[in-house]
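Per-entry structural report
Spelled out, the chains give:
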Amino acid sequence: MARRLDVTGADGVRLAAWDYTTLTGEDDTGRAGGVGGAGGTGGAHAVGDVRAAGDPKAAARSVPRPPGPRTASAPTPQTPAQVPAPAPTPGVLLLHGLMGHAAHWAPAARRLTGGHRVVALDQRGHGHSQKPPAGPFTREAYVADAAAAVEQLGLGPVTLVGHSMGALTAWQLAAERPDLVRALVICDMRASALGAASQRAWQDWFRDWPAPFPSLDAVRRWFGEEDPWVERPNPARAAFFAEVMAEHPDGWRPVFDPAQMLTSRETWVHDAHWESLAQVRCPTLVVRGLDGELGRAEAQEMVRVLPHGAYAEIPDAGHLLHYEHPEAWSEAVEPFLNGVLTP
């Protein structure tokens, strides 16, 4: 069961993080709770049924469960000299992409081997984290939120694993706060600017959504088959979007605000990020899917620009490489993680 942890981000924005540490090596029920609400304040607590990610109604019914009772017999006290100091657990922070949420990491997170503390963050405007109407949804805000998660959860020096927008956040944090970051994994994110035409295409795409959707099956059909952006049936894409929908009186709508998503992506539409990439000093793995959005030539140039860069490629994978092919993703990433996390 993923454990919810509350974080206060930049400007006091409430963020929800999910500790997957106890789920590594378990079966594929390790998704964080459903999406939709803003993160609360207070200490960490367990969320009811972590399998409710694809069912916002079920997630809404789940309630925090208090910790179990302590056993009657306490262990025999020991003097400090008899108790060895525990070795610090290497922290891994997972950052999802635009329109995603922390639970999209569940299939991949559960395959990470033991010895790591694995936490996924719902970034502002996404999942259970707060969605402030006035923002900001700037690069600076996203990076400050990630830094706050690392510091408040005691994860540093952390290994950052980011997908798409989350990868950009990760490498910008690594460039700005090298004291917080041990290593970095970049999953299918370009360093070059996409151009204004890309933003206009996204505006048109959001406008064409037949929302509200009458059912989750309609959500899956649209994003998996009927969306003009889909070249061939894509069940993983269908499932990805079904997980970020919530039911309203008039039907199913995304838990995020499309206008906020457009604002969030403006900085990589109009700006290139090669300079910040070159400032990353920690070991970095660039991972791409063969059919993803990051081309091989650009990925290899990113590796060249990075002072300590490495490259991995996942055949048959598209943009949602860690979600669609979690086993292949783990095989590509695990040797790197073990190398940087092993003392």
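Residues numbered from 1 in each chain as written. Predicted model: local features only at pLDDT ≥ 70, side-chain atom pairs only at ≥ 80, totals over all residues. Heavy atoms only, no water.

The helix and strand inventory of the protein chain stands at 12 helices and 11 strands. Sequence separation of at least 24 residues holds for 73% of the intrachain contacts in the protein chain that already meet a minimum separation of 6. Summed over all atoms, the accessible surface of the protein chain reaches about 15,000 Å², with 53% contributed by carbon and sulfur. (Helix = DSSP H or I, 4+ residues; strand = E, 2+ residues; numbered from the N terminus. Contact = heavy atoms within 4.5 Å. Areas by Shrake-Rupley, 256 points an atom, 1.4 Å probe, with all protein chains shown as cover.)

This part covers empty space enclosed by the protein. With the rule as written, the count across this model stands at one cavity of 30 Å³ or more. Looking at the lining of the largest cavity residue by residue, the classes come out as one nonpolar, six polar and no charged. (1 Å grid on protein atoms, 1.4 Å probe; cavity = no way out; pocket = protein on both sides within 12 Å on 5 of 7 lines; lining within 4 Å. Points joined across faces, edges and corners; volume = space filled by probe spheres on them. Nonpolar A, V, L, I, M, F, W, Y, C, P; charged D, E, K, R; others polar.)

One turn of an α-helix holds 3.6 residues; hence residues three or four places apart share an orientation. Counting buried residues in helix α7 (residues 235-242) gives six out of eight residues, a clear majority hidden from the surface. Turning to α7, its buried residues number three or more, namely A236, R237, A238, F240, F241 and A242. Structurally, α7 contributes buried residues whose contacts are with α5 (196-208), α6 (216-226), β8 (245-248) and α11 (321-324). (Buried < 20%, exposed > 50% of the residue type's maximum accessible area, 1.4 Å probe, protein only.)

Before going further, it helps to examine the environment of A146. Within the fold, A146 resides in helix α3 (residues 139-152). The sequence separation of A146 and A170 amounts to 24 residues, and the corresponding C-alpha distance is 7.8 Å. Not counting residues within four places of it along the chain, the set of residues in contact with A146 comprises L93, L95, L121, T169 and L173.

Mapped onto the elements, A120 comes out in strand β5 (residues 117-122). Since its relative accessible area comes to 0%, A120 is described here as buried. As a C-alpha pair, A120 and D19 span 101 residues in sequence and 6.5 Å in three-dimensional space. Residue contacts for A120: discarding those within four places in its chain leaves A16, A17, W18, Y20, L94, A102 and W105.

By size, the foremost hydrophobic cluster in this structure holds 71 residues, and its most contacted members are L93 and W171. For this core, the element with the highest residue contribution is helix α4 (residues 165-176), accounting for eight residues. Listed in part, the 31 residues of the second largest apolar core include A16, L94, W105 and L112. (Core = buried A, V, L, I, M, F, W, Y, C linked by side-chain atoms within 4.5 Å.)

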